[in-house]
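Close look at the chain arrangement
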Amino acid sequence: MWFRRDLRDTDHAALSQALRRGRRVYCVFVFDREILDRLEQRADRRVEFILESLAELDAALRARGGGLLVRHGWAVSEIPCLARRLGVAAVFANRDYEPGAKQRDAAVGAALQATGIAFESFKDQAVFDGNDVLTQAGRPYTVFTPYRNAWLRRLTEDDWRPHQAGPGVLVASSLANALPSLTDIGFSRTDLRASGIVPGMSGGRRGLASFLGRLARYREQRDFPAVDGGSYLSVHLRFGTLSVRSLVGAAVAAGALREGNGGATTWLGELVWRDFYFMILDHFPHVVRGAFKPAYDAIEWESGPAADEAFAAWCAGRTGYPLVDAAMQQLKQTGYMHNRLRMLVASFLSKDLGIDWRLGEAYFACQLNDFDLSANNGGWQWAASSGCDAQPYFRIFNPVTQSERFDPAGKFIRRYLPELAGVPDKFIHAPWRMTQHEQQACAVLIGRTTPAPLVDHDQARRRTLERYAVVKTRAVP
Ligand SMILES: Cc1cc2nc3c(=O)[nH]c(=O)nc-3n(C[C@H](O)[C@H](O)[C@H](O)COP(=O)(O)OP(=O)(O)OC[C@H]3O[C@@H](n4cnc5c(N)ncnc54)[C@H](O)[C@@H]3O)c2cc1C
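Read on for a plain summary of the structure. (Residues numbered from 1 in each chain as written. Predicted model: local features only at pLDDT ≥ 70, side-chain atom pairs only at ≥ 80, totals over all residues. Heavy atoms only, no water.)

This brings us to the sheet that holds strand S1 (residues 2–3). If you walk across this open sheet you meet the three strands as S1-S3-S4, and the pairing is parallel. The sheet terminates laterally at S1 and strand S4 (68–73), the two strands that pair on one side only. Examined bridge by bridge, strand S3 (residues 27–32) and S4 share six bridges and lie parallel to one another. Each residue of the ladder has a partner; that of Phe31, found in S4, is His72. On the sheet, helix H3 (residues 45–63) packs against S1, S3 and S4 and is oriented at approximately 170° with respect to S3. (Pairing = 2+ DSSP bridges. Helix = DSSP H or I, 4+ residues; strand = E, 2+ residues; numbered from the N terminus. Contact = heavy atoms within 4.5 Å. Axes fitted to C-alpha atoms, helices over the stretch in contact; angles between N-to-C directions.)

Neighbouring the ligand are 28 residues; Tyr218, Ser231, Tyr232, Tyr336 and Asn339 lie closest to it. Here Ser231 contributes a side-chain N or O atom positioned 2.5 Å from an oxygen atom of the ligand. Between the ligand and Asn339 there is a distance of 2.7 Å, counted from an oxygen atom to a side-chain nitrogen or oxygen. About the coverage of the ligand: the protein hides 95% of its 810 Å² of free accessible area. Looking at which element gives the most residues to the shell around the ligand, the answer is helix H11 (residues 262–283), with six residues. Split into classes, the residues belonging to the shell around the ligand amount to 17 nonpolar, six polar and five charged. Mapped onto the domain boundaries, the shell around the ligand takes at least three residues apiece from domain 2 (126–161 + 203–283) and domain 3 (294–472). (Near = heavy atom within 4 Å. Polar contact = N/O pair within 3.5 Å; in protein donor to acceptor, adjacent residues only side chain to side chain. Areas by Shrake-Rupley, 256 points an atom, 1.4 Å probe, with all protein chains shown as cover. Nonpolar A, V, L, I, M, F, W, Y, C, P; charged D, E, K, R; others polar. Domains from an automatic or database assignment.)

Here the focus is the pattern of salt bridges. On inspection of all chains with the given rule, the structure shows 29 salt bridges. Between Arg45 and Asp191 there is a salt bridge, with its nearest N and O atoms 2.7 Å apart. On the criterion of sequence distance, the pair formed by Arg45 in helix H3 and Asp191 in the loop between strand S7 (169–170) and helix H7 (200–212) is long-range, its members being 146 residues apart. Taking relative accessible area as the criterion, Arg45 reaches 12% and is therefore assigned buried. When its relative accessible area of 31% is taken as the criterion, Asp191 is described as partly exposed. Because the salt bridges share partners, they merge into one network encompassing Arg8, Asp11, Asp124 and Arg245. (Salt bridge = Lys/Arg side-chain N within 4 Å of Asp/Glu carboxyl O. Buried < 20%, exposed > 50% of the residue type's maximum accessible area, 1.4 Å probe, protein only.)

Written as structure tokens, this is what we have:
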């Protein structure tokens, strides 16, 4: 059993199948240097999250007679090599939909096959994958709402019933060493724990239990970043310390499939978005390089020193727009950003600053604890309007009115930008509107203690409409 982004020992498709079909099962995890060596920072919360989750998984497997064999190297060679040394008949894993992962699995599968070892993969990350949900014409959906309706029509209890372990036994390998430390794999400790994240299956269970108490209010609260409206379970879904089936089961138990059950129904819809973007990535891998709608590849983005500076200011949370800057601080300080704010800052980068969404996508990929290529790419292409079911290009978020709507009292802004704490409520969304006298009264000086707005939104909006006009001439009917 080769674990990857499924770091749990219960309700686990591949492990359950391995224990059904095999008599003796070894469990393996590889810290893949193909991925780790490319990470920009040597202190990365995600690596620490994985390591701590592995310690818990190893303990759980040991308690069942097995244990985890952990390697640091290139999975493409480590897995076939270990499989041969352990003398196994087959390697089992859960399916992954990223192009790079699919390529890796194809290479591992071929190397295993060459020595007579089978490679089998199972659906676990998603509720539905591959061709499970297709249009009547037998094609993948490219619009979310009909996809969600078809997804819901197809859903039965079997889709959320937990996978049970088979009669096979877990065995410990003599090749297993103690788990490596962060230093052993070339990383150092982060502020993961201090930022309130509890890794592992226990962290996932705790997070879910806490969220179930808020689920009924999810629809009303989810858009307000100062309120604990969301589940914050994305990092657990990312690394599989919770199974998506268990979350669907919890949503259904809370009435998600009943008419008029706002919170649970809306939340289940978010889990469907997750499946949707896995499906898009799987069927349309070109989105990794460019726009889902090729006409949008013709857009000319800002470039040169001024654009580089604007991008650096966006990353640093110094655009002068308080909610945008507070959101970027949240990302930097915690590795998380609220969904509404992800949409806002992505729109701001591509439509107010005119900067290629792929730069923002890459920055998020470095910073987000829950970074998932499918959802991240989907979210960025949605905001930049180049995606499959994106918002129209002429719909451009106004960073001030978004702030007034979703952080009305400026509570979130003040949490992440304490330098604005003294700004009166009526100016907190646009402090540059204060007179000199008002600035002095609250000790916030625009352009000195806090940045002046990097762009004028109305002018930026007009430039964006011109920039995007090219898609009208290129659009393929
Ligand atoms: C520009 C942009 C980038 C994003 N990048 C990522 C990313 O790298 N990884 C990621 O998991 N999500 C991403 N999202 C989606 C969403 O913002 C996060 O999933 C959500 O904020 C996580 O918080 P939560 O766990 O409290 O979510 P909840 O509101 O509790 O939702 C439950 C779960 O549903 C899934 N989900 C929710 N919204 C979406 C969505 N729009 N697309 C796909 N899945 C969704 C997540 O797994 C989430 O944990 C991105 C959105 C945007 C606009």
